[in-house]
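Working through the structure, step by step
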Amino acid sequence: MHTDKATRLQLFDLRLVQTRVFHLTWMAFFVCFFAWFACAPLMPVIRGEFGLTTKQIANINIAAVAITILVRLIIGPLCDRYGPRKTYTGLMLLGAIPVFGVAAAQSYESFLFFRLLIGAVGASFVITQYHTSIMYAPNVVGTANAAAAGWGNAGGGAAQALMPLVLGAVLMFGVGEAFGWRLALLVPGVLMLVMAFLYWRFTQDCMDGNYSDLRAAGKVPDTGKKGGWDSFKLAAGNYRVWMLFVTYGACFGVEIFMHNVVATYFLDNFDLSLKSAGLVAGSFGLLALFARALGGWVSDQVARRGGLDARALVLFVLIVGEGLGLLLFSLMDNFQLAVLSMLAFGLFTHTACGATYALVPFIDRQALGGVAGIIGAGGNVGAVAAGFLLLWVGEVQHTLFILGALVLVSALCAIAVRFSAAHKAREEELYQEALAQRSAQVVGGNA
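So, here's what we can say about the structure.

Criteria and thresholds
Residues numbered from 1 in each chain as written. Predicted model: local features only at pLDDT ≥ 70, side-chain atom pairs only at ≥ 80, totals over all residues. Heavy atoms only, no water. Helix = DSSP H or I, 4+ residues; strand = E, 2+ residues; numbered from the N terminus. Buried < 20%, exposed > 50% of the residue type's maximum accessible area, 1.4 Å probe, protein only. Contact = heavy atoms within 4.5 Å. Areas by Shrake-Rupley, 256 points an atom, 1.4 Å probe, with all protein chains shown as cover. Lys, Arg positive; Asp, Glu negative; His and termini not counted. Charge placed at Lys NZ, Arg CZ, Asp CG, Glu CD. Patch = residues over 30% accessible without salt bridge, like charges linked within 9 Å, V, L, I, M, F, W, Y side chains within 5 Å. Salt bridge = Lys/Arg side-chain N within 4 Å of Asp/Glu carboxyl O. Core = buried A, V, L, I, M, F, W, Y, C linked by side-chain atoms within 4.5 Å. 1 Å grid on protein atoms, 1.4 Å probe; cavity = no way out; pocket = protein on both sides within 12 Å on 5 of 7 lines; lining within 4 Å. Points joined across faces, edges and corners; volume = space filled by probe spheres on them. Expected span 1.5 Å × (residues − 1). Bend = angle between axes of the 7 residues up to and from the residue. Polar contact = N/O pair within 3.5 Å; in protein donor to acceptor, adjacent residues only side chain to side chain. Nonpolar A, V, L, I, M, F, W, Y, C, P; charged D, E, K, R; others polar.

This paragraph deals with the overall build of the protein chain. The number of helices and strands found in the protein chain is 18 helices and zero strands. Its C-alpha atoms put the protein chain at 65 × 45 × 45 Å along the principal axes. When the 447 residues of the protein chain are sorted by exposure, 60% land in the buried category. For the protein chain, restricting intrachain contacts to residue pairs at least 6 apart in sequence, the fraction spanning at least 24 positions comes to 85%. Put simply, the protein chain shows about 17,100 Å² of open surface, and 68% of that area lies on carbon and sulfur atoms. Each charge sign in the protein chain was given a centre, from 29 positive and 24 negative side chains, and these centres are 6 Å apart.

Judged by side-chain polarity, Leu286, Leu289, Phe290, Leu294, Trp297 and Leu347 come together as a nonpolar surface patch covering roughly 520 Å² of accessible area. Tallying contributions element by element places helix H14 (residues 288–330) first for the nonpolar patch, with four residues. Residue placement: Leu347 occurs in helix H15 (residues 335–359).

Our focus in this paragraph is the nonpolar core. Formed by 140 residues in total, the largest nonpolar core has its most connected members in Trp36, Phe111, Phe266 and Phe329. A per-element tally of this core places helix H12 (residues 239–270) first, with 18 residues. Non-local contacts of Phe111, meaning those with residues more than four positions away in its chain, are made with Cys39, Met43, Ile46, Phe50, Ile60, Val102, Ala105 and Trp181.

To find the voids left in a structure, one rolls a probe of water-molecule size over its atoms. Within this model, the second largest pocket holds a volume of roughly 390 Å³. Around the second largest pocket, the lining is made up of 19 residues, and of these Thr54, Ile57, Thr264, Leu390 and Val396 lie nearest the centre. Secondary-structure elements contributing two or more residues to the lining of the second largest pocket are helix H2 (43–50), helix H3 (54–82), H12, helix H16 (368–393) and helix H17 (396–415). Take the lining of the second largest pocket: its biggest share by element is six residues, from H12.

What follows concerns H12. A rise of 1.5 Å per residue sets the reference length of H12, with its 32 residues, at 46 Å; its end C-alpha atoms lie 44 Å apart and thus fit the reference within 8%. Along H12, the sharpest kink reaches roughly 45°, centred on Val261. Of all 32 residues making up H12, 26 are buried, and the element is well covered by its neighbours. By the N-cap criterion, in which a side-chain oxygen at the helix start approaches the backbone nitrogen of a residue two or three places on, H12 is capped by Asn238, the distance to Arg240 being 3.0 Å. Among the residues trailing H12, Asp271 stands out with phi positive, at a value near 55°.

Okay, the environment of Tyr199 next. In this fold, Tyr199 is placed in helix H9 (residues 186–202). Overall, the relative accessible area of 0% leaves Tyr199 in the buried class. Between the C-alpha atoms of Tyr199 and Met92, which are 107 residues apart in sequence, the distance is 9.7 Å. Among all residues touching Tyr199, those that are not within four sequence positions of it are Leu24, Thr25, Ala28, Pro84, Arg85, Tyr88, Thr89, Met92 and His131. A distance of 3.3 Å separates polar atoms of two side chains, one belonging to Tyr199 and the other to Thr25.

All right, on to the side chain of Asp80 then. In this structure, Asp80 sits in helix H3. One buried charged residue, Asp80, forms no salt bridge at all, with the nearest opposite charge on Arg215 at 7.3 Å. Side chain to side chain, Asp80 and Tyr130 meet in a polar contact 2.8 Å long. Look past the residues within four positions of Asp80 in its chain and what remains in contact with it is Tyr130, Tyr211, Arg215, Ser231, Gly369 and Gly370.

Once that is clear, we can look at empty space enclosed by the protein. Summed over all chains, the structure comprises one cavity of 30 Å³ or more. Empty space within the largest cavity amounts to approximately 60 Å³. Every residue along the wall of the largest cavity is listed here: Ala58, Asn61, Ile62, Val65, Phe257, Asn260, Val261, Ala383, Gly387 and Leu390. Going through the elements one at a time, H3, H12 and H16 are the ones with two or more residues in the lining of the largest cavity. With four residues, the single largest contributor to the lining of the largest cavity is H3. Of the residues assigned to the lining of the largest cavity, the class counts are seven nonpolar, three polar and no charged.

Further remarks concern the side chain of Thr68. Within the fold, Thr68 resides in helix H3. Each residue touching Thr68, except ones within four places of it in the same chain, is listed here: Trp36, Gly119, Ala120, Gly122, Ala123 and Asn380.

Below, the structure is given as structure tokens:
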């Protein structure tokens, strides 16, 4: 029940199951995203070994995000059915296989195949948002969701900055580049296996325990495999889900696209070294360390006075800022100005991602897995669409300009998210109950 959920973030009390889930879920997300984007900053080296064309690189970038659409659609309902603990552990164990596989690829075709499969670990985001939504009350769930997502999402930026350094460390032992990048890519695969063990060992599905144990004890009705499908159908019938599907494609889709192209973009256009281009690209991803949490926090704050409609308005403003910033970045031909404009639009992009998932727990509490999965898939649809746009345009800078215009148009979908009076009254009641519970806890702690 919502009264059992945490009403505040207590980041240092590991005795609390909510705190353990919060930290382990963002850490798992971080490792998954690190593995997902580990290839991107090494693409200049990989491109040289396999003799890849611009079209082949674009195909690889599309493959990296395409399968995530399908997996995100089904992973949320799987959480509803089997619980986030089993689902996350299984995803990391299976996801490590193609990470090791891409390190062993001997041709463009085999590299493309394993790059496609690695994309499945991008569904980790949905489980992270699902698990924190279960553990935190309405007054703080936006902040909890955004902070966990932001810290985990920084794994993409960390990969951009660290993988060239890992490759450099490997080369110091006298290994050639052709073998060195393969050894470097073993690191994220091993990290995923370690994280799978920790998640299984130290988390649980909800405040009362694990879904399987609760169903066996008769405390939670066993809905069977139909439960996950029902969650998906209920979510798919809600127009607000599809509005946020579009907005998440506009913010997270652009973010993923940038992860895949930004290092090579700066290397090719500003004559940087591989390490320097990786550090610049990493700065974009590492904004997620605080910017996503900022989006969730702002959403929680405005909701105190303006309710659910105010959360949608915040999202609209942030996406408009992202679109304008992206247009500006696409026009920059000076290195310093390009970096500054990239960081500016990146700030809006990550913050908009946080504000989107600050809305997710309030769309339909009876279909949380389906809602989280469909909206999460929207991010990857946006990334795939951006990849095909690049194939059509043939040049990154012009593609970024067009994307900026499309992002501005997509902001209208945020304004379209509205709630009935009954829905808002129900959520306001839950919100006030959470605040009362928090006040009681504070008073009790001071007594």
